[in-house]
Amino acid sequence: MPNLALELGKQTASIGVTSVYGEQQDVDGVRLIPVALTWSGFGAGEDAPGGGSGGGGGGVAIPVGAYIRKGDDLRFEPNIISLVAVGIPFVWVAGRALSRIIRALKKH
């Protein structure tokens, strides 16, 4: 494999919108399109010419809800459980950072 980074790029070309929006499902005349928050990362490396090479990657998907279409009505229904699971750590980190900023500003 002459260039591992190019090979990884070719294999991951489908990552994008297709990883955020799931396959459309029809249930009892209602059309559902699942939506997720995704991120991924990949890396590769090669030794000196003639040496070994390697690479790897990973990703995470968090279901945030679904678009629901019934007739002409289209609405987004959030997945409350996953939003709370993501929101609590975010609020904790943001609150901690804000308290440190306020403490640093008080010292001056």
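Values in this document were obtained by computation on a predicted structure and should not be read as measured data. Position numbers for residues count from 1 along each chain, tracking the sequence in the order it is written. The predicted nature of this model means local features are confined to residues of pLDDT at least 70 and side-chain atom pairs, given and counted, to a pLDDT of 80 or more, with totals for whole chains, interfaces and linings taken over all residues. To obtain the side-chain values, all non-hydrogen atoms of the structure were used and water was disregarded.

S.K.: Before we go on, may I ask you to explain the packing of aromatic side chains in this structure?
M.R.: One pair of aromatic rings is described through two measures. These are the centre distance and the angle between the planes. Ring pairs are drawn from Phe, Tyr and Trp, using the six-membered ring of Trp, whenever the two centres fall within 6.5 Å, and their geometry is named by plane angle: stacked under 30 degrees, edge-to-face over 60, tilted for the rest. In the structure shown here, the tally under the stated rule is two aromatic pairs. Geometrically, the ring pair formed by Tyr67 and Phe76 is edge-to-face, given 5.2 Å between the ring centres and 65° between the ring planes. Classification of Tyr67 by relative accessible area gives partly exposed; the value is 32%. Pairwise contacts between aromatic rings join Tyr21, Tyr67 and Phe76 into one cluster. Throughout this description, buried means an accessible area under 20% of the type-specific maximum (1.4 Å probe, protein chains only), exposed means over 50%, and partly exposed covers the range between.

S.K.: I tried to follow a positive patch on the surface on my own but got confused; where do I start?
M.R.: On the surface, Arg96, Arg100, Arg103 and Lys107 cluster together into a positively charged patch. Here Arg100 is to be found in helix α3 (residues 80-107). Taking the relative accessible area as the measure of exposure, Arg100 reaches 47% and is therefore partly exposed. By definition, no residue in a patch forms a salt bridge, and every one has over 30% relative accessible area; like charges are joined within 9 Å, nonpolar side chains (Val, Leu, Ile, Met, Phe, Trp, Tyr) within 5 Å. Per-residue accessibility takes into account occlusion by the displayed protein chains alone, with areas from the Shrake-Rupley method and a 1.4 Å probe. We count a salt bridge whenever a side-chain nitrogen from Lys or Arg sits within 4 Å of a carboxyl oxygen from Asp or Glu. For the purpose of counting charges, residues Lys and Arg are taken to be positive, whereas Asp and Glu are taken to be negative. His and the chain ends are not included. By convention, the point assigned to a charge is CZ for Arg, NZ for Lys, CD for Glu and CG for Asp. Strands are runs of DSSP state E lasting at least 2 residues, helices are runs of H or I lasting at least 4, and numbering of each runs from the N terminus.

S.K.: How should the pairing of strand β3 (residues 53-70) be read in this particular structure?
M.R.: Sheet faces and side chains relate simply in a regular strand, where the side chains alternate between the two faces. Pairing between two strands requires that DSSP report at least two bridges joining them. Sheet topology note: the strand β2 (residues 30-46)/β3 ladder contains 16 bridges and is antiparallel. Each bridged residue has a counterpart across the sheet, and for Arg31 the counterpart in β3 is Arg69. Where β3 lies against strand β4 (residues 73-78), six bridges are found, and the strand directions are antiparallel. Of the residues in β4, the one forming a bridge with Lys70 is Asp73. Where β3 folds back onto β4 in an antiparallel hairpin, the turn is made up of two residues, including Gly71, whose phi is positive at roughly 65°.

S.K.: What is the right way to look at the environment of Tyr67 in this model?
M.R.: Topologically, Tyr67 is positioned in strand β3. In sequence terms Tyr67 and Pro78 are eleven residues apart; their C-alpha atoms lie 8.7 Å from each other. Contacts between residues were defined by any pair of non-hydrogen atoms, one from each residue, lying within 4.5 Å. Leaving out residues up to four positions away in the same chain, Tyr67 has contacts with Tyr21, Arg31, Leu32, Ile33, Val35, Leu74, Arg75 and Phe76.

S.K.: Would you mind going over the confidence of the model for the chain with me for this structure?
M.R.: Interpreting fine coordinate detail is not advised for predicted regions of low pLDDT. Overall, the prediction assigns the chain a mean pLDDT of 82, with 84% of residues at 70 or greater. The quantity known as pLDDT measures the predictor's confidence residue by residue, on a range of 0 to 100. Within the chain, no element has a lower average pLDDT than helix α1 (residues 4-11), which sits at 68, and none a higher one than β4, at 92.

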